[in-house]
Amino acid sequence: MLKHFYSLLFLIVSSYVAIGQNAMTINAQLQPDERSITIQQQIAVQNTSTDVWEEVYLTDWAHSFSSKTTPLAKRFAESFEKKFHLAPDNERGFTAVKAISGQGSILQYTRPQGFPDIIKVILKIPVPAGETVILNLQYTVTLPDAKFTDYGITRGGDYNLRYWFMTPSVYDNGWQYYSNKNLNDRYFPQSDITVSFSIPVGFTLVTDLEKSSQGSSYSQGEKLTRLTGKQRTDAKIFLLKNSTYEEVQTDYVTIVSNLQNGTLPPQIRALITDRIAGFLDKNLGAYPFNKILVTDLDYKEQPVYGLNELPSFISPFPDGFKYEIKLLKTTINNYINNTLLVNLREDRWLIDGLKVYMLQKYIDTFYPDLKVVGGLDKYWLVRQFYASKLEFNDQFPILYTHISRLNLDQGLDTPYDKLIKYNKNIGYSYKSGVGLNYLNEYLGDEVLDDVIKIFYEENALKPTRSNNFKTLVRSKSSKDVSWFFDEYITSNERIDYALKNSKVKGDSIYVTVKNKKRRKTPIPVYSFKDDSLTSTRWVSGKERDTTLSYATDNADRFVLNYENIVPENNLRNNYEKPGAFLGIDKPLQFKFFQDFENPSKNQLFFMPVAEFNLYDGFSPGVKLYNKTLLTKALNYKIEPQIGLKSKKLIGSASISYRHDFQNQGLYGLRYGISGNRFSYAPDLLFTRVTPFVNLRFRTSNLRADKRQFVSARYVSVQRQEDPLVPLPTPNYDVLNLRYSRFNPGIIHTLNLMGDVQFARNFGKLSGNIFYRRLFLNNRQLNVRLFGGIFTYNKTQSDGDFFSFALDRPTDYLFDYNYYGRSENSGVFSQQIIIAEGGFKSQLDDVAPVFANEWMFTANASTTLWKYFYAYGDVGVVKNKRANGKLVYDSGIQVSLLDDYFELYFPIYSNLGWEIGQPNYDQKIRFQLQLSVDTVIGLFSRKWY
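As named in an unreviewed UniProt entry, the protein chain is Metalloprotease, taken from Dokdonia donghaensis DSW-1.

And the structure:
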């Protein structure tokens, strides 16, 4: 049987080779019981280079799931996703190769070091330029669980197949191959594909390949489907027990989709589909295949962010718009991905930019007045927000500006696998799309639209590069576009212009455009007279300062980048009004709740707040602040509150300024002053004032998420005293210097911190090291070491207030979020914050729990089962005029959310067997971090 199969394959493939086409013929059989597909495949790949091939590289991305150490597994770990590492072996897929033959014999093959999902086939006979090599492959692909990438075997027993067969790599000045990193960017030469797939009769096969025939299989209970596709670069197949796909035939292409459409009537869906297909045909060019597959998985991979978060019962947009935008976004993505063949790992900015540019153009064409809030602007409350004024397409520059403001922007020539998650999903493509719109406005006369259509026509189904697009743009316009290709594409430096020094001289007004970042990018200047636009002029940006003159009859106000064409980092300095009172060019705006930044106003926000601690009780108040939804350099807030229990005025205030430094180790400098006032005991308040300066450092690899921080602060604390219990040192000042180094991760974590404190009566040095390792057998080990020593200490009269603590620091700097910081009994006294000694047992009765000379401790825990850990602590506590005391404890830790919500059940310590002692419930400790910053941290560690 196998001999006849290869004879048939040879005849089929030979017909393609004769006309110089790459070809793949696949005979596949699904084995549901084994969760696998057996494959017999023949590959014909032509050497179109001028080099002689001595080997051929194959992409075998099905094997990228084979272990916990593949590049794909490491990618999951970098994204703080544990599910792949913790999954049992039978849920991870792999490829078992039986044989690779060709050139009349069995061929040797290897997997290159570091590329377990790539196969290097060593040829017996070198293949010269223009010749074709034919390889015969026999292998079995065991499919992964779909929970990792959405492709594989679903929970319902369906099969979502992508990258399920081997393909040749591209040869372009050498073999271009790379490993699967869940970026959906496999790169192989367009090929004519023939698939014969035998599947159980209970499944429906969905694909955009052509079904040339369907009939009975050689195996009982199975059916055989033959599929064909010419010049393809992908072959997704879905084997479904119950298919929800529908086909809509338009005048241009048939769209096969399973996108959820709510209650839209079929005729409305057909009209929407036809409009989208017609738009792409007109603005890009004809789609070369009969069908295009548009799936919910495609949309999930690249959704319209913001819109995808809306619950189904909220519908602020026109009827059918949500379905239309999902279908539009996904159809554009697949339309371009299937026709423009580029190295998506190294050179994809143009592809992603075209997708966003087409999306924006569609909205401008069919929904020119649509707001980002949809129809919600009909409500008075919504209209009070600047967001209600933003057009739907304004979200693209805003979401790009967000990452620029965070100093996490990356150049568009950055390899795709080096992008942080936010840039991969949002920032990169939005920056590219906004840039193309910027270029379009600069060129004018629809030059760019014509270039895009010509580029698509000339490059569809051919290997191409973004350099070909650059050459085409330059050939179609006489304007200098070097700023776009040489700066905007390659740089992450910010664009920032300002209007300065406007002067009226006679019948003329002179205004200076200042290029603050020295980027050689053009920018438009708009002049207004009595709030009516009178002119638009482009400034090249090649000079640092450019002075423009206007007639006083035609201008009384100037705005840079009025239509937000240029993705500037700061729009607030773009306004200039000659003769403005006190130089204030913009009015003050006082608004309820945080809003998007309105560059034409000086915004001040207010909002209700509430906090809780044991002594002040529930504390409602109001926060006045200037922070918008986009990060700003200058931030200030005043937050007065009333403690309903203490009946006292409490709260906080702060002001800080941040300097960002791009493309260097020191990437941020922040300084300011903060103060707060709360109760630290019943009817007793503390006031803390802290001027500070922080320096932030990072590596050039932003995905590594390695950070270093150096901080200096001067903490001044004043405490009210109880007349019956006077405090030896109610008021004190501490100079605190701190160094931190963080290297977080779910597989390896290594954090270091050093701390130095100087006060009038004491000086101390301390440091801790934290290490976490998740092993291949899913066992986790956590180790923490702490050491602290006093350099001088004259605080004996204060008791242990300034001493190192074994299990519950006194927190005299008021850094920790204690809910009852002065409690010695009750639930709040059982709160633990892992700091200083890090012990869990309260050893007051048998050992010193504070150290006024030095302390060294070690804390460790390891996995027992899932969220249950065994922990143990050991240390030495040394006080003046006393010998060092060995202390230890052990128990069970329940970690519901690492470092944020954990319970500790002590078992054995210096106290003996604690589990059998009275009042055991009072010995249980808990760690709970409840704050907005905590939630943001859990979210942002995956995205930034």
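Continuing now.
Engineer: Talk me through the packing of helix 7 (residues 349-366) against helix 10 (residues 421-443); I want residue IDs and the actual numbers.
Structural biologist: Viewed as axis vectors pointing N to C, helix 7 and helix 10 meet at an angle of 70 degrees, and their least axial separation amounts to 7 Å. Relative to helix 10, helix 7 is oriented roughly perpendicular. Of the two possible hands of crossing, helix 7 and helix 10 adopt the one that is right-handed. Of the residues in helix 10, those touching helix 7 at W349, L350, D352, G353, L354, V356, Y357 and Q360 are Y428, S429, Y430, S432, G433, V434, L436, N437 and N440. In the contact of helix 7 with helix 10, the residues fall into nine nonpolar, seven polar and one charged.

Engineer: I'd like to hear about the pattern of salt bridges, residue by residue, with values.
Structural biologist: Taken as a whole and judged by the stated rule, the model has 40 salt bridges. Linking D417 and K181 is a salt bridge whose minimum nitrogen-to-oxygen distance equals 2.9 Å. Of this pair, D417 sits in the loop between helix 9 (395-405) and helix 10 while K181 sits in the loop between strand 13 (175-176) and strand 14 (191-200), and the two are 236 residues apart along the sequence. Since its relative accessible area comes to 11%, D417 is described here as buried. The shortest N-O distance in the salt bridge between R713 and D815 comes to 2.6 Å. On the criterion of sequence distance, the pair formed by R713 in strand 38 (residues 707-719) and D815 in the loop between strand 43 (804-805) and strand 44 (850-851) is long-range, its members being 102 residues apart. Judged by relative accessible area, R713 falls into the buried class, the value being 15%.

Engineer: So, unusual backbone geometry: which residues are in play, and what are the values?
Structural biologist: The backbone of F814 shows a phi angle near 55 degrees, a positive value even though the residue is not glycine. Structurally, the position occupied by F814 is in the loop between strand 43 and strand 44. A relative accessible area of 9% means that F814 is categorised as buried. Even without being glycine, N919 reaches a positive phi, approximately 55 degrees. Along the chain, N919 turns up in the loop between strand 49 (912-913) and strand 50 (925-928).

Engineer: Describe the nonpolar core, naming the residues involved and giving the relevant values.
Structural biologist: Counting 100 residues, the largest nonpolar core has W349, L448, F469 and F484 as the members making the most contacts within it. In this structure F469 touches W349, L350, L436, L448, V451, I452, F455 and F485, once residues within four positions along its chain are discounted. Counting residues in each nonpolar core, the second largest holds 51 residues, with I119, V127, F188 and I193 among its members.

Engineer: Explain helix 7 to me, using residue names and the numbers behind them.
Structural biologist: Relative to the 26 Å expected for 18 residues at 1.5 Å per residue, helix 7 spans 26 Å between its end C-alpha atoms, a close match to the ideal helical length. Burial runs high along helix 7: 14 of the 18 residues are buried.

Engineer: So what's going on with the sheet that holds strand 6 (residues 108-110)? Residues and values would help.
Structural biologist: Sheets are built from strands paired through backbone hydrogen bonds, the pairs being either parallel or antiparallel. An order of 6-7-3-11 is seen for the four strands of this open sheet, with the pairing classed as antiparallel. With partners counted over all chains shown, the strands left at the sheet margins are strand 6 and strand 11 (167-168), one partner each. Sheet topology note: the strand 3 (residues 53-59)/strand 11 ladder contains two bridges and is antiparallel. Of the residues in strand 11, the one forming a bridge with L58 is P168.

Engineer: Lay out the sheet that holds strand 5 (residues 105-106) with the relevant residues and their values.
Structural biologist: Taken in spatial order, the eight strands line up as 5-4-8-2-1-14-17-16 in an open sheet, and their pairing is mixed. Each edge of the open sheet is held by one strand with a lone partner, namely strand 5 and strand 16 (210-216). One ladder, built from seven bridges, connects strand 1 (residues 23-31) with strand 14; its direction is parallel. For A23, the partnering residue across the bridge sits in strand 14 and is D192.

Engineer: Could you give me a rundown of the domain arrangement of the protein chain, with the residues and numbers involved?
Structural biologist: As a measure of interface size, the accessible area lost when the parts come together is often cited. One can read the domain layout of the protein chain as domain 1 (23-243), domain 2 (246-339), domain 3 (347-487), domain 4 (497-586) and domain 5 (761-943). Placing a centre on the C-alpha atoms of domain 1 and another on those of domain 5 gives a separation of 51 Å. Across the boundary between the two partners, domain 1 contributes seven residues, which contact nine residues of domain 5. A combined buried area of about 720 Å² lies between domain 1 and domain 5, and 56% of that area is made up of carbon and sulfur atoms. Looking only at domain 1, the three residues that lose the most surface to domain 5 are F80, K82 and H85, adding up to 59% of its buried area. Inspection of the region where domain 1 meets domain 5 yields zero salt bridges. For the pair domain 1 and domain 5, the number of links is four residue pairs in polar contact (both at pLDDT 80 or more). Class assignment of the residues belonging to the side of domain 1 that touches domain 5 gives a composition of two nonpolar, three polar and two charged.

Engineer: Describe the packing of aromatic side chains, naming the residues involved and giving the relevant values.
Structural biologist: If you walk through the whole model with that rule in mind, you get 67 aromatic pairs. With centroids separated by 4.7 Å and ring planes inclined at 50 degrees, the aromatic side chains of W53 and W175 adopt a geometry described as tilted. Placement of W53 in strand 3 and of W175 in strand 13 is noted, with a sequence separation of 122 residues between them. Of the residues examined, W53 reaches a relative accessible area of 3% and is grouped as buried. Consider the rings of W349 and F484, whose centres lie 6.0 Å apart with planes at 70 degrees: the pair is edge-to-face. Note that W349 is positioned in helix 7 and F484 in helix 13 (residues 482-488), a separation of 135 residues in sequence.

Engineer: Mind laying out the packing of helix 4 (residues 266-283) against helix 7, listing which residues take part and the relevant values?
Structural biologist: The geometry of helix 4 relative to helix 7 is characterised by a closest axis approach of 11 Å and an angle of 115 degrees between their N-to-C directions. Crossing geometry of helix 4 relative to helix 7 is assigned as right-handed. For the pair helix 4 and helix 7, the contacting residues are R275, I276, F279 and N283 in the first and M358, K361, Y362, T365 and F366 in the second.

Rules behind the numbers
- Residues numbered from 1 in each chain as written.
- Predicted model: local features only at pLDDT ≥ 70, side-chain atom pairs only at ≥ 80, totals over all residues.
- Heavy atoms only, no water.
- Axes fitted to C-alpha atoms, helices over the stretch in contact; angles between N-to-C directions.
- Helix = DSSP H or I, 4+ residues; strand = E, 2+ residues; numbered from the N terminus.
- Parallel < 35°, antiparallel > 145°, perpendicular 65-115°, else oblique.
- Left-handed = near helix turned anticlockwise from the far one by under 90°.
- Contact = heavy atoms within 4.5 Å.
- Nonpolar A, V, L, I, M, F, W, Y, C, P; charged D, E, K, R; others polar.
- Salt bridge = Lys/Arg side-chain N within 4 Å of Asp/Glu carboxyl O.
- Buried < 20%, exposed > 50% of the residue type's maximum accessible area, 1.4 Å probe, protein only.
- Core = buried A, V, L, I, M, F, W, Y, C linked by side-chain atoms within 4.5 Å.
- Expected span 1.5 Å × (residues − 1).
- Pairing = 2+ DSSP bridges.
- Domains from an automatic or database assignment.
- Buried area = accessible area lost by both parts, 1.4 Å probe.
- Polar contact = N/O pair within 3.5 Å; in protein donor to acceptor, adjacent residues only side chain to side chain.
- Phe/Tyr/Trp six-rings, centres within 6.5 Å; stacked < 30°, edge-to-face > 60°.

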